[in-house]
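# An overview of the molecular structure
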Amino acid sequence: MSRIAALSLLVRDYDEAIAFYVGKLGFALSEDTDMGGGKRWVRVTPKGGDASLLLAKATTPEQIAQVGDQAGGRVWLFLETDDFARDHTAWTAAGVTFREAPRYEPYGTVAVFEDLYGNAWT
């Protein structure tokens, strides 16, 4: 058996990323371990989910240039919810930016939104 346990997401700052993912999207802070030298091992996980995001602080010029553009402007991450209307309402109230109004597709209700850096999610 194999599974994806985590995806690395480049961030400018650990605490501002935690504030967005935990405070606005309602993810759980799964781990926040000080690794020394300003480096932390920070994982956030959607409620009820298995896979987490490893928040990786960008430190090199190449990494810093990729913050907010990890997929070249395409939707990169796909988040499923058991109640789209509830979450859309809560995230809108929390200030999450949606690029479009919700639309109905054969596979479900979708809307593209941005994380705090501009990465596209649906």
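As a reminder, the structure under discussion sits directly above these lines.
Residues numbered from 1 in each chain as written. Predicted model: local features only at pLDDT ≥ 70, side-chain atom pairs only at ≥ 80, totals over all residues. Heavy atoms only, no water.

Assignment of secondary structure puts glutamate 80 in the loop between strand E5 (75-77) and helix H3 (84-93). Put simply, glutamate 80 and alanine 120 are 40 residues apart on the chain and 14 Å apart in space, counted from C-alpha to C-alpha. (Helix = DSSP H or I, 4+ residues; strand = E, 2+ residues; numbered from the N terminus.)

Let us look at the pairing of strand E4 (residues 52-57). Most of E4 is tucked away, with five of its six residues classed as buried. In terms of strand pairing, strand E1 (residues 6-11) meets E4 through six bridges, oriented parallel. What sits directly across from alanine 6, in E4, is serine 52. Taken together, the three bridges between strand E3 (residues 39-45) and E4 define a ladder with antiparallel strand orientation. In the strand pairing of E4, valine 42 is matched with leucine 55. Taking the residues between adjacent antiparallel strands as the criterion, E3 and E4 are bridged by six residues, where glycine 48 takes a positive phi near 80°. (Buried < 20%, exposed > 50% of the residue type's maximum accessible area, 1.4 Å probe, protein only. Pairing = 2+ DSSP bridges.)

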